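Residues per chain are reported as follows:
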Amino acid sequence: MPARSKSISFIILLIVAFIAAGCGGGTPAPTVPPTAAPTAVPTPAVPTPTKDLPSITAAAPDRRDLPRYESVDITVSLNAKYQNPFDLRQVSLDGLFTGPDGKTMKVPGYWDAESAWHLRFTPSEAGQWNYQLTVTDSRGTSLPLSGSLNVTPSDLHGWLQPGNRVNPSFSGHYLVYQDGTPFYGIGHCDALNIFVNGFSAGKGVGLFDQMKKAGENYVVWWPMYTNSPISSSYSDYSLGSLKVIDAVVNDAQKKGIFLVFTLWDHPELRDDTHPWGDGNWAKNGFNQLGDLASFFTSPEAWAWQENFYRYIIARWGYSPAIGLWQTVSEINGTNVYKLRDDWHTKVNDYFVANDPYRHPTTASQSGGGSDIAWPEGHRVMDMPQVHIYDPLNNNPVGAASILAQWTSTMWNEAAKPNWVGEFGVPDNTLYPDLFHNSIWAALASGAAMTPADWNSGGAWGEMTLQMLADMTRLDRFVYGLPLAEWNPAPLQVSASDKQVRGWGIAGPEGGLLWVQDFSLEGKSIDVIRTQQKLRKGIQLQLDGLAGGTYSLTPFDTWQGKFLDPIQVTCSEGETCTISLPDFKADLALKIERK
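Worth saying up front: this structure is predicted, and the values here are computed from it rather than measured. (Residues numbered from 1 in each chain as written. Predicted model: local features only at pLDDT ≥ 70, side-chain atom pairs only at ≥ 80, totals over all residues. Heavy atoms only, no water.)

(A) Highlighting the state of the cysteines. Inspection of the entire model under this criterion finds one disulfide. One disulfide bridge connects Cys570 with Cys576, the sulfur atoms lying 1.9 Å from each other. Given an S-S torsion of about -65°, the disulfide between Cys570 and Cys576 has left-handed geometry. Judged by its relative accessible area of 3%, Cys576 is buried. (Disulfide = S-S within 2.5 Å. Buried < 20%, exposed > 50% of the residue type's maximum accessible area, 1.4 Å probe, protein only.)

(B) How the structure looks around helix α11 (residues 433-445). Between its first and last C-alpha, α11 extends 18 Å over 13 residues, near the 18 Å set by a 1.5 Å rise per residue. With 13 of 13 residues buried, α11 is to be regarded as a mostly interior element. Gly446, located one to two residues past α11, shows a positive phi value of around 115°. (Helix = DSSP H or I, 4+ residues; strand = E, 2+ residues; numbered from the N terminus. Expected span 1.5 Å × (residues − 1).)

(C) Up close: the nonpolar core. Judged by nonpolar contacts, the single largest core of 84 residues is most densely connected at Phe121, Phe208, Phe261, Trp264 and Trp343. With nine residues, helix α7 (residues 299-316) is the single largest residue contributor to this core. Among the nonpolar cores identified, the runner-up in size contains 75 residues, and Ala399, Ala404, Ala444 and Met467 belong to it. (Core = buried A, V, L, I, M, F, W, Y, C linked by side-chain atoms within 4.5 Å.)

(D) Fine view of the pattern of salt bridges. In this structure the tally under the stated criterion is 21 salt bridges. For the salt bridge of Asp382 with Arg165, the shortest nitrogen-to-oxygen distance reads 3.6 Å. Within this pair, whereas Asp382 is found in the loop between α9 (375-380) and β20 (385-388), its partner Arg165 is found in helix α2 (residues 163-166), the two being separated by 217 residues in sequence. For Asp382, a relative accessible area of 12% puts it in the buried group. As a salt-bridge pair, Arg358 and Asp382 come within 2.9 Å of each other at their nearest N and O atoms. Here the residue Arg358 occupies a position in the loop between α8 (340-354) and β19 (361-363), and Asp382 occupies one in the loop between α9 and β20, the gap between them amounting to 24 residues. Each of the two residues, Arg358 as well as Asp382, counts as buried. The network of salt bridges with shared partners includes Asp73, Arg120, Asp246 and Arg315. (Salt bridge = Lys/Arg side-chain N within 4 Å of Asp/Glu carboxyl O.)

(E) Quick peek at the sheet that holds strand β6 (residues 110-111). The strand order across the open sheet built from four strands is β1-β3-β7-β6, with neighbouring strands paired in antiparallel fashion. Edge positions in the sheet fall to β1 (55-61) and β6, since each has one partner strand and no second. Here six bridges tie β1 to strand β3 (residues 72-79), and the two strands are oriented antiparallel to one another. In the strand pairing of β3, Ala60 is matched with Thr75. (Pairing = 2+ DSSP bridges.)

(F) Quick peek at unusual backbone geometry. For the bond from Tyr431 to Pro432, the omega torsion is 10°, close enough to zero to count as cis. Mapped onto the elements of the fold, Pro432 is located in the loop between β21 (419-423) and α11. Of note, the phi angle at Tyr69 is positive, near 70°, even though the residue is not glycine. With a relative accessible area of 2%, Tyr69 lands in the buried category.

(G) Region of the structure containing helix α12 (residues 465-478). Spanning 14 residues, α12 covers 20 Å between terminal C-alpha atoms, matching the ideal 20 Å at 1.5 Å per step. When α12 is considered as a whole, its buried residues turn out to be Met467, Leu468, Asp470, Met471, Arg473, Leu474, Phe477 and Val478. Looking one or two places after α12, you find Gly480, whose phi comes out positive at around 80°.

(H) Summary view of the sheet that holds strand β18 (residues 322-328). Read across the sheet, five strands follow the order β13-β16-β17-β18-β19 without closing on themselves; strand pairing throughout is parallel. Of all the strands in the sheet, the pair left with one neighbour each is β13 (187-189) and β19. Pairs of neighbouring strands in the sheet enclose a mean axial angle of 20°, with direction left out of account. Note that strand β16 (residues 218-221) and strand β17 (residues 258-262) share four bridges and pair parallel. Note on β17: the bridge partner recorded for Trp221 is Phe261. Sheet strands in contact with helix α3 (residues 206-214) are β13, β16 and β17, and its direction is about 145° off that of β16. Of the strands in this sheet, β18 and β19 touch α8, which is tilted by about 155° from β18. (Axes fitted to C-alpha atoms, helices over the stretch in contact; angles between N-to-C directions. Contact = heavy atoms within 4.5 Å.)

None of this, on its own, says anything about what the molecule does.
Here it is as structure tokens:
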């Protein structure tokens, strides 16, 4: 995130008041929580309690028949001894779900901070799922309560996974849906302002509607910055904040928007001794447990971090709307210092080991100079990312080569999906040109998602109509492209005109290219916009394209139109030459084997 002053939108406060009206504190007074009101579903057989062990007395799913990749919420009544339902060392609710193929998933439950225990679950296969629920306290583990769900086929596709995790023949450089359907991430960063377009009980999050209309499918969000459940206590979570996050996750799932759900934005773990200036540590409930240095080292602080991470997984990890877990944003903006890699690895490993859905993990450093690179972190996380700010200043044309360079660097580090998790420059003078060149260069050099432009109002603006139109055109180009299945590799691209450059990726079955006229690099934005020339008779030389006959379909990235396809036959191991149609500024091409 670029250095700037920030304010929380008043609409956030209104939403908290709307959702949490009349809600009290998070910790129940009685040792044994009250039994929730019965629901109109069959009740599973209750096992006979064993003396001196905890027990589950009832479990009520909100439905027993549900489509594949939709979710069920099971309300659980139990007898257990504990003082704090948020402390895993005192009490834990767990479910073991067995699918029709015999696959098992261990799913954690949670106390809702109001009146009941819950367990949320999303099935990945159609057929009968059987489950066993248990509760554990200091005396041991209860007998299991058994039940079943009937899951029907659906048109939904599930959560996101690296391609090679779904199918070993797929590329690990791209994400796919859990059922193998192609996915390319198109979105931006509204970390602080997810309610910028309003919120209502009937319509949900207005921003999601705008995104869906433009073809966007993901957004970076910092829920702890504006709606932290631990702002007042590390051991007693705020019901109002929990319900706001519930509302956002539910609406995102309904509308097909994926959240880059950020656990720790850097201000939450920064105090006034840090070179960046004061952060939000004074508002972080963990400060009641010890100073900020001890947060990263104390066994007790880690135990409560585990409690918090488990709770996040239990309450929201069920949702396919969780696109990525961003464990920390700009870790060098926190007080972790020399413990950076050890602490990040510990948090990352917790989510890898305990999230039954294995949502991919990501994290970052900041976006300037030597701080951008973080190969040690990239080796640990599922989806490497960088942030890019300073190199982009006054460089709308050159932004393409900068984005492509960092994307290629991450591609070469490991067979993992990668992306630019934040980028941009203040004020809109260089937009949409800088934005346009960045998203297309990243796509052509192998990014799994569009770079996430930072939006926070003021000098850093919001997504403009021009930027949204650019997203719509890119969505039109990539829609349905099975990039993971094609398993592409980078192409070497050169042009007959030395002021034209390009990037591309392709496998034996297909890929894509993007070429750019960079003759005006370094010029003012007015010159760039008024002195673009029509490029005629340009030929591309491609190395790395497998032998065979291909159809290359040019795409006008500014008009959003496909042009007449070009057929070309390439010989194995030889440079392949392609004659381009006339174009201005840049041109994309879709490659498909005939």
